[in-house]
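# Per-entry structural report
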Amino acid sequence: MIHNTKCECGHQNYVGTVLCESCGKPLGEDMHSQEPLEMRYDGVARRSQKSNPNWIDRIWNFFSSVKIAVYLIIITLIGSIFGTILPQENTFISGNPADYYGPNHGWFGEVYYQLGFSRTYESWWFITLLVMIGTSLVICSLDRVLPLYRALKKQQIRKHLSFITRQKVVYTRELDVPGETFAREMEGQLKRRRFRVHRDGDALLAEKNRFSRWGPYINHIGLIIFLLAVLARSIPGWYMDEYVTIPEGETVPIENTNYYLKNEQFTVEYYTDDEMPAEMAGQLRAKLYQTKAVLYECTANCHDLVEEPVLEEVKRHDIIVNSPLTYQGLHAYQFDFDDTPKLAAVEPSLINKETGENYGSFDLRMINPDLHYEVGPYELELRSQYMEFAIGEDGNPTSLSRDPNAPAFFFIIKGPGLAEEGETYLYFPRQVDKQRFSQDQINSHISDRLELSVGSMEGVTFAGATTFLNIRVDTAMPYVWVGAGISMLGLIMGFYWNHRRIWLRVDNGKLSLGAHTNKNWYGMRGDVASALKKVGIEVDPKSLDNGGKN
Amino acid sequence: MNWVEFSSDAFIAAFFLYCFGFLFYVIAVAGKKWSNRDPELHAKRWSRIAFVVSALGLAAHLTFFFTRWFGSGQIPTSNMYEFMTFLGMAIMIAFVIVNAIYRKPVLGMFALPLVVLIVAYASVFPQEVQPLVPALNSIWLKIHVTTAALGEAFFAVAFASGLMYLLRVVDFKGKSKKARRAQRWVEFTLYVIVVIIAFIATVFIFRGMGYQASFTQELVNIDARGVETTTVENVDYSMPPIFKPYNSEVVEMDSFLGLNKPLLETPGWMDGVNAGRKLNTIAWSILMGSLLYGLLRLALRKPLGAIIHPLMDGIDPEDLDEITYRAIAIGFPIFTLGALIFAMIWANIAWSRFWGWDPKEVWALITWLFYSAYLHLRLSRGWQGQPSAWLAVIGFVIVMFTLIGVNLVIAGLHSYAGVS
């Protein structure tokens, strides 16, 4: 079908134009109806309305549809709900999620896990939805904002009569003053209502708050920046998320960085009964968790297994829940703590079981123990250490965690009466582990001759509370905030102001006035009615309504 | 008398003023048909009285808020009682703003009972001032919670006018399939409101009777390492147990109407915190709500919707439609700012990430997505009238689920705002 796209006013319009870009005369099928006009995007042609679409156009058309955008929003909404039914895998810091869902939630948990809903928000389909929403944001906006900008940039003052009388807000009457006088009076009144008025004899165009039309597009730009910033976290080095465990008084390296972090002191305070209402007396309610932390930068011997690293203090901060330590893009957050007593060091003695002779004792630290010890005539060499000893599935010893919950030390002992290459000895400092793992049987080749043991509690020191800190680097954050800020600005522009236009013309003493707004017709009618009242025409604002959809 | 005690008195005053405000709005609207009076004059006069009384209620409510803040030294938005009372207050503020724009006081006939309901619901929760846990000790508690609640308050006003619109336009005499479906859903919405009223009433009735039952429950938990732990917990009920906790034994139980042992056991797959007690409360609410609804139907001999519908005569449905939409349009940017952006800023400070897909966060996002879909449908697809009003009603259901339902059925990081 060939469209004749030239309007009677002489303007050549693009194919798909609904209202002539110049005079506003309705074109196409809409021409003879008397219904209020479809004013969306001022009736301009959009790229998505091309007549012979190729495959690129088809993709463009798909994503430029608001209907598709709404579908995408609704599908994402429903998809998100699935992820809230059971806890997501990212809420577990340790352990195997497969052992959680089935055993705790039965067949439903198992199905949930198998279908991948335990990782809903990292799943391919959810990411795809977000990318599609992003694409839709870009294409919908471009498809509309450019033609709309063009249409609003060059507006004609004298619009086609049927354009005016087919607006949603319309007023017509016979005037008893000359048209130009009336138009001039209205110009004055509308200016006082902060309209920008353009007058051409007895025709007039008054407009205000055009900027609010750009609100939705600015909002969309903000959302796109936000989404891109979130994607940017996958750039190497932009994002780090580590957890460190620091017993009181210790200094530990932060993996993948040159920093070391010290927990000088960890404090937990609970509310006293005096500070709590009577109903809560006796409850343990935390008031404060605080890690007195010192951040060091390593300047030499970093990651050297033999030499002590050289550390230089760079920052000192009391980390509490709402106040992380921050240094050059690196943040350390109070994440958790553990104040149950943990072994820090033991001082075992080497005893000859046959004679009862005590050869002496040595200091064995749980964290960073020395590798060589000399006790009397014996030499002990530490070969390996397990913080939480267990026998793995392959039958070899393994450690379940890095906390000294069930520590074990594997020594080679050399000395008088022992084999030349030394003999093995597995030592469990805690009595309960010693029995659980049958220390004496494991060491049976030597256990009737020599034994490591702690004589009394004096030989045991406990660590202070352990703090768990979350170490983050997130270089994309400023862009996230910029995106959110732009989006917010767009929302405010779009929702708290609205674009209002009034056209009027006088033909042979008959006034025709039409008005259009993108939102808030109530306010639009009020504007027209009060301007008319000031020039001596009383109308009920509601009576200006010409029907049709908003 | 200290400040916190004084604030409780102000709260009770606010509650009763709201009740009277509601009553006067009903007189303003329903009394138009009474004999020997000019309907317009009557409506104008009584709406003004109703508005003044409601505004006094808001003033008392604000007094409660600030004296409690002053007395306790922390902003009263830190537990469920304080948050719900704040939400009620925010709805009043939103109502006053929307009323100032549209001057349609009849909106009060629906906004006021909503506020009364929410304020009454708040009173179900423990009311003492609870000292802040470290996570809440931040300036963002003030900023995030208040803005989010204000945004939601506008959605609540949209719900009130949306429901009004439906009661106004749905054809309650219609026999067509479409009319019947609309009637059924409006009636269902009203039924749900009756159930909520019954829930609040039931809580206070059993509380007034001092009812108590307690159980010991054996809980088996398997952590992500596959380690099984068994704990025994005490569970206290304040309503007679229709459902006792799963795997539990009665320790002691008051007898109620001859009920001296639990009727049923909570199924094992409901394994959230206090699942048994919550299920029992829901069972009681539905039971009492259905009873109340049945009595109302018997007394009125008509569906509730058909009773309210004639009261709406003379209210311009287009105005209601526009108010619904406008309230959402005002609330949406505030909600975005408070419930998403401020929430992200605080989460980034307190929890080290601005977004962690915590259930509460996800539901705030779901609310946001829902209202963005609404706005796109309304502005670009021309959804107006009934579809738009239904979306406003559903939207507020999602808001309430985010605020209460998530805490009730899904535990997450926001659990300190939990329901007890």
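Residues numbered from 1 in each chain as written. Chains lettered and ligands numbered in written order. Predicted model: local features only at pLDDT ≥ 70, side-chain atom pairs only at ≥ 80, totals over all residues. Heavy atoms only, no water.

## Comments concerning the overall build of chain B
- Along its length, chain B carries eleven helices and five strands.
- Here the C-alpha radius of gyration of chain B, 23 Å, is about what a compact globule of 420 residues would show, namely 22 Å.
- Considering only residue pairs separated by 6 or more positions, chain B has 75% of its internal contacts joining residues 24 or more positions apart.
- Of the roughly 18100 Å² of accessible surface on chain B, 65% is carried by carbon and sulfur atoms.
- Charge separation in chain B, taken as the distance between the mean sites of 32 positive and 27 negative side-chain charges, equals 13 Å. (Helix = DSSP H or I, 4+ residues; strand = E, 2+ residues; numbered from the N terminus. Rg over C-alpha atoms; globule rule 2.2 N^0.38 Å. Contact = heavy atoms within 4.5 Å. Areas by Shrake-Rupley, 256 points an atom, 1.4 Å probe, with all protein chains shown as cover. Lys, Arg positive; Asp, Glu negative; His and termini not counted. Charge placed at Lys NZ, Arg CZ, Asp CG, Glu CD.)

## A closer look at the overall build of chain A
- Regarding its fold elements, chain A presents twelve helices and 25 strands.
- In terms of overall size, chain A is more extended than a compact globule, its C-alpha atoms giving a radius of gyration of 39 Å where 550 residues would be expected to give roughly 24 Å.
- Overall, the C-alpha framework of chain A stretches about 130 × 60 × 50 Å when taken along its three principal axes.
- Going through the 550 residues of chain A one by one, you find that 46% of them count as buried.
- Carbon together with sulfur atoms contributes 53% to the accessible area of chain A, which is approximately 27900 Å² in total.
- Averaging the coordinates of the 56 positive side-chain charges in chain A and doing the same for the 68 negative ones gives two points 23 Å apart. (Buried < 20%, exposed > 50% of the residue type's maximum accessible area, 1.4 Å probe, protein only.)

## Re the pairing of strand β24 (residues 500-507) of chain A
All names here are of chain A.
- Of all eight residues in β24, seven are buried; the element is thus mostly enclosed.
- As paired strands, strand β3 (residues 203-208) and β24 are joined by six bridges and run antiparallel to one another. Note that in β24 the partner of Leu204 across the bridge is Leu504.
- Across eight bridges, β24 lies against strand β25 (residues 510-517) in antiparallel orientation. Residue pairing for β25: Arg505 is matched across the bridge by Ser512.
- Between β24 and β25, which follow one another and run antiparallel, lie two residues, and Asn508 among them has a positive phi close to 50°. (Pairing = 2+ DSSP bridges.)

## Considerations on the domain arrangement of chain B
- You can read the domains of chain B as domain 1 (3-172 + 305-417) and domain 2 (209-293).
- Between the C-alpha centres of domain 1 of chain B and domain 2 of chain B there is a distance of 32 Å. (Domains from an automatic or database assignment.)

## Remarks on the sheet that holds strand β13 (residues 358-361) of chain A
Residue and element names in this part refer to chain A.
- Here three strands make up an open sheet; going across it, the order is β13-β12-β21 and the pairing antiparallel. Unpaired on one side and paired on the other, β13 and β21 (450-453) mark the two borders of the sheet. Averaged over all pairs of adjacent strands, the angle between strand axes in this sheet comes to 20°, irrespective of strand direction.
- Note: strand β12 (residues 349-352) against β21, four bridges, orientation antiparallel. For Ser349, the partnering residue across the bridge sits in β21 and is Ser453. (Axes fitted to C-alpha atoms, helices over the stretch in contact; angles between N-to-C directions.)

## A look at the confidence of the model for chain A
- In this model, chain A carries a mean pLDDT of 86, and residues with pLDDT of at least 70 account for 97%.
- Ranking the elements of chain A by mean pLDDT puts strand β22 (residues 460-463) of chain A last, at 79, and helix α11 (residues 477-496) of chain A first, at 95. (pLDDT = per-residue confidence, 0-100.)

## With respect to the interface of chain A and chain B
- On the chain B side, the residues contacting the 66 residues of chain A number 64 residues.
- Note on chain A versus chain B: buried area summed over both sides is about 5600 Å², and carbon and sulfur give 61% of it.
- The three residues of chain A that bury the most area against chain B are Asn322, Phe495 and Tyr522 of chain A, which together make up 12% of that side's buried surface.
- On inspection of chain A and its partner chain B, the count reaches three salt bridges.
- At the boundary of chain A with chain B, the tally comes to 17 residue pairs in polar contact (both at pLDDT 80 or more).
- At the level of secondary structure, the elements contributing two or more residues to the side of chain A that touches chain B comprise α2 (66-82), α3 (98-114), α7 (215-232), β7 (286-300), β23 (466-474), α11 and α12 (521-534) of chain A.
- For the side of chain A that touches chain B, the residue count by class is 36 nonpolar, 16 polar and 14 charged. (Buried area = accessible area lost by both parts, 1.4 Å probe. Salt bridge = Lys/Arg side-chain N within 4 Å of Asp/Glu carboxyl O. Polar contact = N/O pair within 3.5 Å; in protein donor to acceptor, adjacent residues only side chain to side chain. Nonpolar A, V, L, I, M, F, W, Y, C, P; charged D, E, K, R; others polar.)

## Comments concerning the sheet that holds strand β20 (residues 423-427) of chain A
All names here are of chain A.
- The strand order across the open sheet built from four strands is β15-β16-β19-β20, with neighbouring strands paired in antiparallel fashion. Each end of this open sheet is capped by a strand with a single partner; those strands are β15 (372-375) and β20. Going from strand to strand, the sheet's axes swing by 30° on average, the running direction of each strand aside.
- Both β15 and strand β16 (residues 378-386) contribute to a ladder of four bridges, which runs antiparallel. Across the sheet, the residue bridging to Glu374 is Glu379, located in β16.

## What about a nonpolar patch on the surface?
Residues and elements named next belong to chain A.
- A cluster of nonpolar side chains, namely Ile74, Ile78, Phe82, Ile85, Trp107, Phe108, Val111 and Leu115, defines an oily patch on the protein surface of about 770 Å² accessible area.
- Of all the elements in the fold, those that place two or more residues in the nonpolar patch are α2 and α3.
- Following the sequence through the fold, Phe108 ends up in helix α3. (Patch = residues over 30% accessible without salt bridge, like charges linked within 9 Å, V, L, I, M, F, W, Y side chains within 5 Å.)

## Points about α11 of chain A
- For α11 of chain A, built from 20 residues, the straight-helix expectation of 28 Å at 1.5 Å per residue is met to within 8% by its first-to-last C-alpha distance of 28 Å.
- If you check which residues of α11 of chain A are buried, you get Met477, Val480, Gly483, Ala484, Ser487, Met488, Gly490, Leu491, Met493, Gly494 and Phe495 of chain A.
- Those residues of α11 of chain A that are buried lie in contact with α7 and β23 of chain A together with α9 (317-350) and α10 (359-380) of chain B. (Expected span 1.5 Å × (residues − 1).)

## Details of the side chain of Thr336 of chain B
- Considering the arrangement of structural elements, one finds Thr336 of chain B in helix α9.
- With sequence-adjacent residues up to four places away left out, Thr336 of chain B is seen in contact with Met488 and Leu491 of chain A together with Ile341 and Trp368 of chain B.

## As for the packing of helix α3 (residues 80-102) of chain B against α9 of chain B
Residue and element names in this part refer to chain B.
- Closest axis-to-axis distance for the α3/α9 pair is 11 Å, and the angle between their directions is 125°. Classed by the angle they form, the pair α3 and α9 counts as oblique. Judged by the twist between their axes, the crossing of α3 over α9 is right-handed. Of the residues in α9, those touching α3 at Val98, Ile101 and Tyr102 are Glu322, Ile323, Arg326, Ala327 and Ile330.
- Taken together, the residues that form the contact of α3 with α9 break down as six nonpolar, no polar and two charged. (Parallel < 35°, antiparallel > 145°, perpendicular 65-115°, else oblique. Left-handed = near helix turned anticlockwise from the far one by under 90°.)

## Comments concerning the nonpolar core
- Tyr18, Met84, Leu87, Ile91 and Phe396 of chain B are the most contacted members of the largest nonpolar core, which totals 166 residues.
- Broken down by element, this core gets its largest block of residues, 18 residues, from helix α5 (residues 139-169) of chain B.
- The contacts of Phe396 of chain B, once residues within four sequence positions are left out, are Leu114, Ile118, Glu152, Phe155, Ala156, Phe159 and Tyr371 of chain B.
- Ranked by size, the runner-up nonpolar core spans 27 residues in total, among them Val169, Phe195, Ile537 and Val539 of chain A. (Core = buried A, V, L, I, M, F, W, Y, C linked by side-chain atoms within 4.5 Å.)

## Focus: the side chain of Asn13 of chain A
- Mapped onto the elements of the fold, Asn13 of chain A is located in the segment before α1 (55-64).
- Separated by 3.0 Å, the side chain of Asn13 of chain A and the backbone nitrogen of Glu21 of chain A make a polar contact.

## Topic: the pattern of salt bridges
Residues and elements named next belong to chain A.
- Within this structure, the stated rule accounts for 35 salt bridges over all chains.
- In this structure, Asp241 engages Arg472 in a salt bridge whose closest nitrogen and oxygen atoms are separated by 3.4 Å. In this pair, Asp241 sits in strand β4 (residues 239-247) while Arg472 sits in strand β23, placing the two residues 231 residues apart along the sequence.
- Overall, the relative accessible area of 7% leaves Arg472 in the buried class.

## Thoughts on the packing of helix α4 (residues 108-122) of chain B against α5 of chain B
All names here are of chain B.
- Packing of α4 against α5 brings their axes to within 9 Å, and their N-to-C directions diverge by 130°. Here α4 lies oblique to α5, going by the angle between them. In the packing of α4 onto α5, the handedness of the crossing is right-handed. Seen from α4, the contacting residues are Phe110, Ala111 and Leu114; seen from α5, they are Ala156, Phe159, Ala160, Leu163, Met164 and Leu167.
- Class assignment of the residues belonging to the contact of α4 with α5 gives a composition of nine nonpolar, no polar and no charged.

## Some words on a positive patch on the surface
- There is a patch of like positive charges on the surface, built from Lys175, Lys177, Lys178, Arg180, Arg181 and Arg184 of chain B.
- Mapped onto the elements of the fold, Lys175 of chain B is located in the loop between α5 and α6 (177-209).

## Comments concerning the packing of aromatic side chains
- This model, assessed by the stated rule, comprises 65 aromatic pairs over all chains.
- Aromatic pair Phe226 of chain A and Phe354 of chain B: ring centres 6.0 Å apart, planes at 85°, arrangement edge-to-face. Note that Phe226 of chain A is positioned in helix α7 and Phe354 of chain B in the loop between α9 and α10, a pairing that runs across two chains. Each member of the pair, Phe226 of chain A as well as Phe354 of chain B, carries the same accessibility label: buried.
- Ring centres of Phe11 of chain B and Phe64 of chain B lie 4.9 Å apart, and the angle between their planes is 45°; on these two criteria the pair is classed as tilted. Of this pair, Phe11 of chain B sits in helix α1 (residues 3-30) while Phe64 of chain B sits in helix α2 (residues 39-72), and the two are 53 residues apart along the sequence. You'll find Phe11 of chain B and Phe64 of chain B in the same group, each marked buried.
- The positively charged end of Lys168 of chain A is found above the aromatic ring belonging to Trp521 of chain A, 5.3 Å away from the centroid.
- Note that Lys519 of chain A overlies the ring of Phe495 of chain A, its terminal NZ or CZ placed 5.4 Å from the centroid. (Phe/Tyr/Trp six-rings, centres within 6.5 Å; stacked < 30°, edge-to-face > 60°. Lys NZ or Arg CZ within 6 Å of the ring centre and 35° of its normal.)

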